[in-house]
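Spelled out, the chains give:
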Amino acid sequence: MTTREHLSGLAVFLLALALRLAYVHEDTTVIGLDVSRLSQTDNYVFAQWARVIADGDVLCREQPHAYHLWTRDVAPESKWLEWYGGQQIYHQAPLYPYLVAGIYTLFDRQPQTTGYVQAVLGALTCWLTWLLTRRLVSPLAGLAAGLLLACMGSFYFYDAFILRDSLMALLTVLLAVTLSSAVQRGRGTDWLAAGAAFGLFTLAKETGQPLLLLTMLLLAWFWRSRPRQLLRAAALLLLGWALVTAPAFWRNHEVGAPLMKLSTRGPEVIVAGNAAGQDGVGWNPPTTTMRRILMDSNFQLGKTVLATVATHHANPWGFIELLWNKTAACLNAYEVPNNVDFYLARAHLTTLKLGFVGMWFLAPMALLGMLLGLPRRQQLAVPYLLLLALTASIVALYILGRFRVQIVPLLAIFAGLSIDWLWRKWRERRLAALALAAVPLAVFVAWCAPSTTEPFDNRSRDGAIMMQLVKAGNFERALFFRDRLLTAVRNDPSITADVSLERRLGALTDAFRHFEESLRWPEESAQRHLHVGMGYTALLKVAERFERVEFGNLAMAEFEQALALEPELEGCWYGIGLVHGENDRVGPALSAFSQELQLHPANALAHRDAGMIFMTWKRGLDALQHFRLAEALELEDGPMFAAMAHLEVDTSYKDTPPMRVLGTMQIVWDNPRALRHAREALRLDGDNPLVLEHCAYALYANQYFDEAVALLGRLAQAQPWRAVDLNNTMKNFLKVKSQLDGEAPAAAPGTEAPAPGTTAAPGATGGPP
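A short tour of the structure in this document, coming up. Computed from a prediction, not measured in an experiment: that's the story for all the values here.

This part takes up the overall build of the protein chain. Of the regular secondary structure elements, the protein chain holds 36 helices and two strands. If one aligns the C-alpha atoms of the protein chain with their principal axes, the spans along those axes are about 110 × 65 × 55 Å. Scored against the burial criterion, the 769 residues of the protein chain give a buried share of 54%. In the structure as shown, the protein chain presents an accessible area of about 33,900 Å², 59% of it carried by carbon and sulfur atoms. The centroid of the 67 positive side-chain charges in the protein chain is displaced by 13 Å from the centroid of its 69 negative side-chain charges.

Attention now goes to the nonpolar core. Among the nonpolar cores identified, the biggest contains 237 residues, and Y23, W80, F157, W191, L362, V470 and F515 are the most heavily contacted of them. With 11 residues, helix α9 (residues 165-185) is the single largest residue contributor to this core. Not counting chain neighbours up to four residues away, the residues in contact with V470 comprise F475, A478, F512, F515, Y536, L539 and F551.

Side chains of L140, W423, W426 and L431 sit close together on the surface and give an oily, nonpolar patch of about 430 Å² of accessible area. Tracing the backbone shows L140 in helix α7 (residues 139-150).

It is worth spelling out the side chain of S297 at this point. Summarising the element assignment, S297 is placed in helix α14 (residues 287-297). Within polar-contact distance, the side chain of S297 engages the side chain of T304 at 2.9 Å.

Moving on, we get to the packing of aromatic side chains. The tally for this structure, following the rule as stated, stands at 38 aromatic pairs. Taking the centre distance of 5.9 Å and the plane angle of 40 degrees together, the rings of W127 and W130 count as tilted. With W127 and W130 both in helix α6 (residues 111-136) and three residues apart, this pair spans about one turn of that helix. The exposure class of W127 is partly exposed, given its relative accessible area of 30%. Ring centres of Y700 and F705 lie 5.6 Å apart, and the angle between their planes is 70 degrees; this geometry places the pair in the edge-to-face category.

This part covers the pattern of salt bridges. Once their charged atoms are close, side chains differing in charge can pair, the charge on each being opposite to the other. Per the counting criterion, the structure on display carries 36 salt bridges. Taking the shortest distance from any N to any O, the salt bridge between D159 and R20 comes out at 3.5 Å. Here D159 is found in the loop between α8 (153-156) and α9, whereas its partner R20 is found in helix α1 (residues 3-31), with 139 residues between them in sequence. For the residue pair D159 and R20, the accessibility class agrees, reading buried in each case. In this structure, R482 and D483 form a salt bridge, with 2.9 Å as the shortest nitrogen-oxygen distance.

Between helix α16 (residues 316-331) and helix α20 (residues 381-396), the least distance of the axes is 9 Å, while the angle of their chain directions is 120 degrees. In this view, α16 runs oblique relative to α20, as classed from their interaxial angle. Remark: the crossing between α16 and α20 carries right-handed chirality. Counted together, L323, K326, T327 and C330 of α16 and T391, I394, V395 and A396 of α20 form the full contact between these two elements.

Another point: helix α33 (residues 671-685). Relative to the 21 Å expected for 15 residues at 1.5 Å per residue, α33 spans 21 Å between its end C-alpha atoms, a close match to the ideal helical length. Considered for burial, the residues of α33 that qualify are N671, R673, A674, L675, H677, A678 and A681. Structurally, α33 contributes buried residues whose contacts are with α31 (620-632), α32 (638-648), β2 (664-666) and α34 (689-701). Its side-chain oxygen placed 3.2 Å from the backbone nitrogen of R673, D670 serves as the N-cap of α33.

Take the state of the cysteines next. Under the definition given, this model contains zero disulfides. In this structure C126 is a free cysteine whose sulfur lies 8.6 Å from that of C151, the closest cysteine sulfur available. Look at C126 and you get buried, because its relative accessible area is 0%.

Within the secondary structure layout, R164 lies in the loop between α8 and α9. The buried category is assigned to R164, whose relative accessible area is 10%.

Let us look at the packing of α31 against α32. Running from N to C, α31 and α32 cross one another at 130 degrees; their axes reach a closest spacing of 10 Å. Between α31 and α32, the angle is such that the two are oblique. Viewed along their axes, α31 and α32 form a crossing whose handedness is left-handed. Facing G620, A623, L624, F627, R628, A630 and E631 of α31, the residues of α32 in contact are M640, F641, A643, M644, L647 and E648.

Below, the discussion takes up the environment of R51. With respect to the element layout, R51 can be found in helix α2 (residues 42-54). Look at R51 and you get partly exposed, because its relative accessible area is 30%. The spacing of R51 and V100 is 49 residues in sequence and 8.5 Å in space, taken between C-alpha atoms. With near-sequence residues (within four places) excluded, R51 lies in contact with Y104 and R109.

A positive phi is found at C60, a non-glycine position, where the angle reads about 55 degrees. Along the polypeptide, C60 turns up in the loop between α2 and α3 (69-74). A positive phi angle, close to 70 degrees, is found at F299, a residue other than glycine. Within the secondary structure, F299 is located in the loop between α14 and α15 (301-310). The buried category is assigned to F299, whose relative accessible area is 8%.

Below, the discussion takes up the environment of W360. You can see W360 is positioned in helix α19 (residues 359-372). Distance from W360 to A449, taken between C-alpha atoms, is 5.8 Å for residues 89 residues apart in sequence. A distance of 3.5 Å separates the side chain of W360 from the backbone oxygen of F356, its partner in a polar contact.

With that settled, the discussion passes to α7. For α7, built from 12 residues, the straight-helix expectation of 16 Å at 1.5 Å per residue is met to within 8% by its first-to-last C-alpha distance of 16 Å. Residues of α7 that are buried: A141, G142, A144, A145, G146, L148, L149 and A150. Tucked into the core, α7 has its buried residues touching α1, α6, α8, α19 and α21 (408-427).

So, how was this worked out
- Residues numbered from 1 in each chain as written.
- Predicted model: local features only at pLDDT ≥ 70, side-chain atom pairs only at ≥ 80, totals over all residues.
- Heavy atoms only, no water.
- Helix = DSSP H or I, 4+ residues; strand = E, 2+ residues; numbered from the N terminus.
- Buried < 20%, exposed > 50% of the residue type's maximum accessible area, 1.4 Å probe, protein only.
- Areas by Shrake-Rupley, 256 points an atom, 1.4 Å probe, with all protein chains shown as cover.
- Lys, Arg positive; Asp, Glu negative; His and termini not counted.
- Charge placed at Lys NZ, Arg CZ, Asp CG, Glu CD.
- Core = buried A, V, L, I, M, F, W, Y, C linked by side-chain atoms within 4.5 Å.
- Contact = heavy atoms within 4.5 Å.
- Patch = residues over 30% accessible without salt bridge, like charges linked within 9 Å, V, L, I, M, F, W, Y side chains within 5 Å.
- Salt bridge = Lys/Arg side-chain N within 4 Å of Asp/Glu carboxyl O.
- Polar contact = N/O pair within 3.5 Å; in protein donor to acceptor, adjacent residues only side chain to side chain.
- Phe/Tyr/Trp six-rings, centres within 6.5 Å; stacked < 30°, edge-to-face > 60°.
- Axes fitted to C-alpha atoms, helices over the stretch in contact; angles between N-to-C directions.
- Parallel < 35°, antiparallel > 145°, perpendicular 65-115°, else oblique.
- Left-handed = near helix turned anticlockwise from the far one by under 90°.
- Expected span 1.5 Å × (residues − 1).
- Disulfide = S-S within 2.5 Å.

What follows is the structure in structure tokens.
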């Protein structure tokens, strides 16, 4: 190798390293999101696992398993633990968490430190790819392949996160280098090194053992006429593999796990990626189908595969189409997000924008290179084998942007071959050959073109990062992005017409009021946990599906920590009640409010919300008792006043004895008081459907018929699905008015069907006749 070639390799390494280190630094300083704090991610699982190892449980005698929110929809945690085989079995192939544990032990546990180490490993991946491509193709091809990887933002994006995908890319190219050397030179040390590389791959990912078996079968086929050479190579491969994997198998023996089992994963991902009705792109587990298949197969891989394929019995062609679609998605330029989102990060980080190379270029050029490389397929046999085998392993499961990181160096080899070939033909003025190659290249470019457009604008990018930071507990950075979001919203003229966004911003304002307050308290104080919990609770109003459960869990954890520090802290039980209420657990919510009121009888908010629950249970007197206590404690709330007004005109309470409210006796059926409450409710929250309905009955009972009808007309516009019933009520109101006035009944207004609005709140019993 010449000095010039050495310098080109060094240039590839230094450029790759500079971009990666700059990216990790910018990600830490600009975004500051520690994804390993988000409990629903693989980052969290790997970081938790690495901490267990670094804290002294080197053998992982109590192996942490991942129990995400979707798993609860499939089976209870106890069932998953039974399927996994207990806490002794590795959750996934164990090499990566041990690597992270080593970083934790040697350096620190900051996520950016892991990112810097992975940046160095990523640069090494680029250098090894340069080295292998130079050996197999040419110096120009090697330089091209190395530079493509160095400048590929979606490739080095994963270096900043505690995910094993970057390591898998390094191990793939390491395996390719050692196996290529063994095949070409045939030296015993080369075969031993290749076996060791297979061992590392096996410890890093579950596909290692099948890949080794496939390699052995191919060697047996190609060298079937050379049995001695075959036996020697196979023995050395297995020896190298066994030497590297032996510690893991010894560990299994020591902790009582099945000797050869290095992972619990497999059956669930087979179902998620291959069952009928799935598209195999992204993680979208079909919980009902998965529950049935896993229960029937008892989590056995072979039975799960057969049962999953059987779901296509009615349409076998659909399974072929699914596999084809997954293959296309595997090479598509779109980076399917999971755990982390490349497009979201790139919207914030200049260093990712500098990584201009993407699958839009690499995949088509690699496919062309695979065609152009066929004449020297023997020399390129190892890259061909690994690329096809690893791509098949990805397609057999499901497609994510990060899953294909392991094949990117192999794609770069063939892309480098294409660039070398095109350059040589251009210099030779072989225009016909270039034109001929342009035809398949155009087909590949069209096939690999991104399937979606950029998903984030200024508003959505800040909001998405902000919510992730909130989940991770980094409220200071979340406040920064909250302010940027609000600036973007103020500059958006469409905001005035976006009711949904206005509602979300209202919940956001309430949440961040608590988050800001939490920052004023010491780190582990009960008050800080209380305000953080209330902030998460406020976000439940706008969260959806799994995120709703996630925020609820976060809030409950904060309230429980606050109670552990200060058992009688005001507001904790009230917050727990709010979480239950937002999740429609009415009984536990009332129990929590009652617990709060036992400790703090003057909590007006707890009285109000307890009263609202009694309203839904049609226990009007209990509701009114709480409402009037809240009013006496000087709480002003539109929906509460409206509900009080409706109860206070209920004629069924006409003979009810007065109730005691903070030492004073107050009559229950009280039309003048109801009128006063209705007026106040309309002043405070005059557009709320609950307020409109309750106040209409209170105004009607006080013979303000026209105003009552007008309120119901507004309610019919907000809730057109109730228009018929509301129009009948308006007719009855006007009929009573006409009878009192001695006039003929008037027609009720508002019969048109306007745009949809919010749903009606529950009413009180025994309204006006």
